[in-house]
Amino acid sequence: MRDPRLSIIEKRLSRIKRILIFLSGKGGVGKSSCSCLAALLLADGKTKTGLLDLDFQGASDHILLGVKPSFPDEEGGLLPLTPYPGLSFMSVTCFTGERDVPLRGGGVSDAIVELLAVTLWGKTEILIIDMPPGCGDEVLDLVRLIPRGEMILVSTPSVLSESITLRSAGLLARMGADVRGVIYNMTGDDTTLTGQPSADGIGALPRLGGIPYGKDFEGKIGSPRQLLTSIQAAGMKAVIEKLLL
Amino acid sequence: MHEWALAEAVVETILKEIEGRKVRSVDSVALSLGTLQNVDKTVFREGLRNFLPSDIPLTKERFIFTEEAAEFLCRRCGAKWAYSREDALDEDDRESIHFLPEAAHSYLSCPSCGSPDFEITKGRGVSISSIEITEED
């Protein structure tokens, strides 16, 4: 038996200039917030942007963007939703809503392959992929399926997150993935959770920038326009500028 | 029309199979269609016809479809069962599984123990059983 979907993935993504994959070894560091902010900022800057939420069991991009999950339109494939002008969005929640999605390894791989094979990204120039925490099936599959993907690690300045981020970077390097650097989330300003990354270890990885923690972020969830006014968006803007240089 | 995306994938696989080879004819392409995804054969065949380049020596009649019934294996209690589209699923649920067969884990559970932790052992979606080619001498 041969899987025909594997033959079409490269073609589906061929028009996309850059594919940025946001990941972290540890959960709770703000991958989804960073992914959504990056996608919104790019779209707001008139770059046709796609956002693919591959965190099947913890999908939350739709909540951040205020999207009520619904079936995508069909026209030769599945057409992503448009939660903001210039932003195309695809998530497992289009098919499962707010239900749980209890997938194991093989199911995870099949679901990733299916979404990559049947989603038509149109004129998307930059695709952002929001990954689940860890370097398990999803990450291993993406390195295999999208070798040109650019890995963006998200960490907090906590020693726990730093340690696991270093391990993730090591794994990605062993697999020959293109690791662009680390975003330090929840750093600076108005919280005791702040800190600075250690100079050795994770500090040796390319630093893409810091995203401050702000207590008012929670109140902006669900409104793309409000999210764009957050101090986190200002931090992410600098990251995006650095990435796109 | 989601079927067209899958049809395009099949045609792309055929093109990759014959790439760089001196092919006289593509004699047959055998496709297995899992009942879980419930692909509309008529639409799927239209898609194959649409994407297949006219200079490929294969006619649409040489696509051979075999339906494979979906089966599951419960990872908790070991029960095996066959998928029935009428198993407590409404039209939207079935449509979800049609788009993404793994969505079955969100809508179905083991009839013996109720666990959603099961494996799709057969009949998930579209796969190619064989591509028969005759090469030039």
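Below is a summary of the structure that appears in this document.

**A short note on the interface of chain B and chain A**
Opposite the 35 residues of chain B that make contact, chain A presents 30 residues. Summed over both partners, the interface of chain B with chain A comes to about 3,000 Å²; 58% of that surface belongs to carbon and sulfur atoms. For the interface between chain B and chain A, the tally reads seven salt bridges. We note a salt bridge from Glu8 of chain B to Lys11 of chain A, for which the minimum N-O separation is 3.1 Å. One can count 17 residue pairs in polar contact (both at pLDDT 80 or more) joining chain B with chain A. Of all the secondary structure elements, the ones that give two or more residues to the side of chain B that touches chain A are α1 (2-18), α3 (91-99), α4 (104-107) and β6 (126-135) of chain B. For the side of chain B that touches chain A, the element with the most residues is α1 of chain B, which contributes 11 residues. Its residues assigned to classes, the side of chain B that touches chain A comprises 15 nonpolar, nine polar and 11 charged.

**A closer look at helix α9 (residues 231-243) of chain A**
Residues and elements named next belong to chain A. Look at α9: 19 Å from first C-alpha to last across 13 residues, which is about the 18 Å you get at 1.5 Å a residue. Those residues of α9 lying buried are Gln232, Ala233, Gly235, Met236, Val239, Ile240 and Leu243. Projection of α9 onto a plane perpendicular to its axis shows the buried side chains occupying an angular sector of 160°, all on one side.

**Thoughts on the side chain of Ser115 of chain B**
Residue and element names in this part refer to chain B. When you line up the elements, Ser115 lands in the loop between α4 and β5 (118-122). A distance of 2.9 Å separates the side chain of Ser115 from the backbone nitrogen of Asp117, its partner in a polar contact. Contact partners of Ser115, with chain neighbours within four places excluded, come to Cys74, Arg76, Ser109 and Cys110.

**A look at the sheet that holds strand β3 (residues 71-74) of chain B**
All names here are of chain B. Read from one edge of the open sheet, three strands run β4-β3-β5, paired in antiparallel fashion. Every other strand in the sheet has two partners, leaving β4 (80-82) and β5 as the edge strands with one partner each. Between one strand axis and the next, the sheet turns by 30° as a mean value, whatever way the strands run. Taken together, the three bridges between β3 and β4 define a ladder with antiparallel strand orientation. When the bridges of β4 are listed, Phe72 appears paired with Trp81.

**Some details on the nonpolar core**
Counting 120 residues, the largest nonpolar core has Phe22, Phe56, Ile129 and Met236 of chain A together with Phe44 and Phe63 of chain B as the members making the most contacts within it. Leave out the neighbours within four places in its chain, and Phe22 of chain A touches Lys31, Cys34, Ser35, Ala38, Ile128, Ile129, Asp130, Met131, Ile152, Val154, Ile183 and Met236 of chain A.

Rules behind the numbers
Residues numbered from 1 in each chain as written. Chains lettered and ligands numbered in written order. Predicted model: local features only at pLDDT ≥ 70, side-chain atom pairs only at ≥ 80, totals over all residues. Heavy atoms only, no water. Contact = heavy atoms within 4.5 Å. Buried area = accessible area lost by both parts, 1.4 Å probe. Salt bridge = Lys/Arg side-chain N within 4 Å of Asp/Glu carboxyl O. Polar contact = N/O pair within 3.5 Å; in protein donor to acceptor, adjacent residues only side chain to side chain. Helix = DSSP H or I, 4+ residues; strand = E, 2+ residues; numbered from the N terminus. Nonpolar A, V, L, I, M, F, W, Y, C, P; charged D, E, K, R; others polar. Expected span 1.5 Å × (residues − 1). Buried < 20%, exposed > 50% of the residue type's maximum accessible area, 1.4 Å probe, protein only. Arc of directions from axis to C-beta. Pairing = 2+ DSSP bridges. Axes fitted to C-alpha atoms, helices over the stretch in contact; angles between N-to-C directions. Core = buried A, V, L, I, M, F, W, Y, C linked by side-chain atoms within 4.5 Å.

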